[in-house]
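The primary structure of each chain is shown beneath.
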Amino acid sequence: MKLTQLPVMRQPAFEDDGTVTGVIASARIMAGSLLFTVALPAGVVHEPLAGRYFLARCVEPTEWARSHDWTFSLRRPLFVAGWRPATAADGVERWLLTSPQLEDSGVNWLAARPTDAPINLVGPLGNGFVLPPRTRQLAVVSEPARVAALLPLIHAMLDRGGRVVILLQAHNSIEPLLRDLLPLATEVHQEAPGMSWRARLQGVLAWADVVATALPARETAGLLEAVQTARLRVERGLVHCLVDARLVCGYGACLACLTPLANGRWTRTCVHGPVFDLADLAAG
Ligand code: FES
């Protein structure tokens, strides 16, 4: 279903405290991820999109609950998976937001919200993937649960007339919902008997002008090794990673999101990422 076809009964609004209250137009579980379509008031900043995130408050929208219910005291990140401009009919923007963390109790609480329920958000936050001007061949490497966060980048590449190969870290056949979400013009590969994940990864790394990844943090070391094998060195600008970190405050204050860097230091993923050049990341 197209984002613009989803009707909303309530009006989303900007709040005095700098947050924004959206309205849930649909919620789906797909390939281990939550996919929300949320209506937001026109005027939310939206460029660039892939890799950026909102932080969602997990609480009922009542005055009492806002002040007293701290069951889920921390906001949960929802990554941008798509955006449609406001229509003349209702003047609201439609955003597709996603979380790969279905095992998290707060994300589960969000997933159970009914259609037309309000959702309080901060964002969009963080930097995003930027396609270098001369890119013609984009490789996307991801788990099925995380790939929706790269959809805006995939569409941007196709709109430019480039080619996109998607390599999914999945043994089982791809869920129909996910297949429908991935543009037909993309070439989708996944793990299969007879060829190792490493060999497939090296294949797309050798083919691509630019690579975008959304993988668990434990995969960073393997990714670095595969790039060194396929390209002899980790070229700056080649591989951009949506880093798997705990995004909590979004403003660099709590230090929950620290990510190790190749220079031996640590950085705050929420404000300096969550997208990083692989050349800057440590193996972890
Ligand atoms: S999420 Fe709090 S410092 Fe990054």
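Residues numbered from 1 in each chain as written. Predicted model: local features only at pLDDT ≥ 70, side-chain atom pairs only at ≥ 80, totals over all residues. Heavy atoms only, no water.

Section: the overall build of the chain
As a reminder, the rule being used: By definition, any uninterrupted DSSP run of H or I lasting at least four residues is a helix, any uninterrupted run of E lasting at least two residues is a strand, and each is numbered from the N terminus. For a compact globule the rule gives 2.2 Å times the number of residues to the power 0.38, and the radius of gyration it is set against comes from C-alpha atoms. The buried label applies to any residue whose accessible area, calculated with a 1.4 Å probe on protein chains only, is under 20% of its type's maximum; exposed applies above 50%, and partly exposed to all values in between. Working rule for contacts: check all heavy atoms of both residues, and any pair within 4.5 Å makes them a contact. Working definition of accessibility: Shrake-Rupley area with a 1.4 Å probe, residue cover restricted to the visible protein chains.
For the chain, the helix and strand inventory stands at seven helices and 15 strands. Since a compact globule built from 284 residues should have a radius of gyration of about 19 Å, the 19 Å found for the chain is in line with a globular shape. Across its three principal axes, the chain shows a C-alpha extent of roughly 60 × 40 × 35 Å. The buried share of the chain, taken over its 284 residues, is 53%. For the chain, the proportion of contacts with a sequence separation of at least 24, taken over those separated by at least 6, is 68%. Summed over its atoms, the accessible surface of the chain is roughly 13100 Å², and 53% of this surface lies on carbon and sulfur atoms.

Concerning the packing of helix α5 (residues 197–207) against helix α6 (residues 220–231)
As a reminder, the rule being used: Only the stretch in contact is used when fitting a helix axis, every axis being a line fitted to C-alpha atoms; angles between N-to-C directions are given from 0 to 180 degrees. An angle below 35 degrees is read as roughly parallel, one above 145 as roughly antiparallel, one from 65 to 115 as roughly perpendicular, and any other as oblique. Here is the rule for handedness: rotate from the far helix to the near one, and if that takes an anticlockwise turn smaller than a right angle the crossing is left-handed, while a clockwise turn gives right-handed.
Put simply, α5 and α6 touch, their axes get as near as 9 Å, and they point 55° apart. If you check the angle between α5 and α6, you find them oblique. The interaxial crossing formed by α5 with α6 has right-handed handedness. Along its contact with α5, which presents R198, L201, Q202, L205 and A206, the element α6 presents G222, L223, E225, A226, V227, T229, A230 and R231.

Things to note about the side chain of R52
Using the following cut-off: Polar contact is the term for a pair of N or O atoms within 3.5 Å; when the atoms are in protein, one must be able to donate a hydrogen and the other to accept it, and sequence-neighboring residues count only if both atoms are side-chain atoms.
Position of R52 among the secondary structure elements: in the loop between β3 (33–41) and β4 (53–56). A polar contact is formed between the side chain of R52 and the backbone oxygen of P124, at a distance of 3.1 Å. Beyond its immediate sequence surroundings of up to four residues, R52 is in contact with V45, E47, L78, F79, V80, P124, L125, G126, N127 and G128.

A closer look at the domain arrangement of the chain
Put simply, the test is: Domain borders in the structure are assigned automatically or taken from a domain database. Buried area is calculated as the accessible area (1.4 Å probe) missing from two parts once they are joined, with the contributions of both summed. Any Lys or Arg side-chain nitrogen located within 4 Å of an Asp or Glu carboxyl oxygen qualifies as a salt bridge.
Per the domain assignment, the segments making up the chain are domain 1 (3–125) and domain 2 (137–280). At the interface, 24 residues of domain 1 touch 22 residues of domain 2. Interface area for domain 1 against domain 2, summed over the two sides, is near 1900 Å², with a carbon-plus-sulfur share of 70%. For domain 1, the biggest contributors to the area lost against domain 2 are M30, A31 and Y53; these three give 27% of the whole. The interface formed by domain 1 and domain 2 includes zero salt bridges. On inspection of domain 1 and its partner domain 2, the count reaches three residue pairs in polar contact (both at pLDDT 80 or more).

Description of the nonpolar core
Rule in force here: Nonpolar core, defined: a set of buried Ala, Val, Leu, Ile, Met, Phe, Trp, Tyr and Cys residues in which side-chain atoms within 4.5 Å join the residues together.
Within the largest apolar cluster, 63 residues are counted, with the highest numbers of intra-cluster contacts made by L138, L201 and V239. Composition of this core by domain shows at least three residues from each of domain 1 (3–125) and domain 2 (137–280). The residues touching V239, leaving out its near neighbours within four places in the chain, are L205, V211, T213, L223, V227, F276, D277 and L278. One finds F36, F54, A56 and L121 within the second-largest nonpolar core, a separate group that totals 23 residues.

Details of the sheet that holds strand β10 (residues 187–190)
Keep this limit in mind: Strand pairing requires that DSSP identify at least two bridges connecting the strands.
Pairing is mixed across the open sheet formed by six strands, whose spatial order is β10-β9-β8-β11-β12-β15. At either end of the open sheet lies a strand with only one pairing partner, and these are β10 and β15 (275–277). Each strand axis lies, on average, 20° off the axis of its neighbour in the sheet, ignoring direction. Direction of pairing for strand β9 (residues 163–168) relative to β10: parallel, over a ladder of four bridges. Bridge assignment links V165 to a residue of β10, and that residue is E187. Those strands touched by helix α3 (residues 151–159) are β8 (137–142), β9 and β11 (210–214), and its axis lies near 150° from that of β9.

A closer look at the pattern of salt bridges
Going through the model one piece at a time under the given rule, you end up with 10 salt bridges. The closest approach of N and O atoms between D104 and R76, which form a salt bridge, is 2.8 Å. Of this pair, D104 sits in the loop between β6 (92–99) and α2 (105–111) while R76 sits in strand β5 (residues 76–84), and the two are 28 residues apart along the sequence. Of the charged contacts, one joins E143 and R146 as a salt bridge, the two residues approaching to 2.9 Å between their closest N and O atoms. Through salt bridges that share partners, E143, R146, R218, E219 and D244 make up one connected network.

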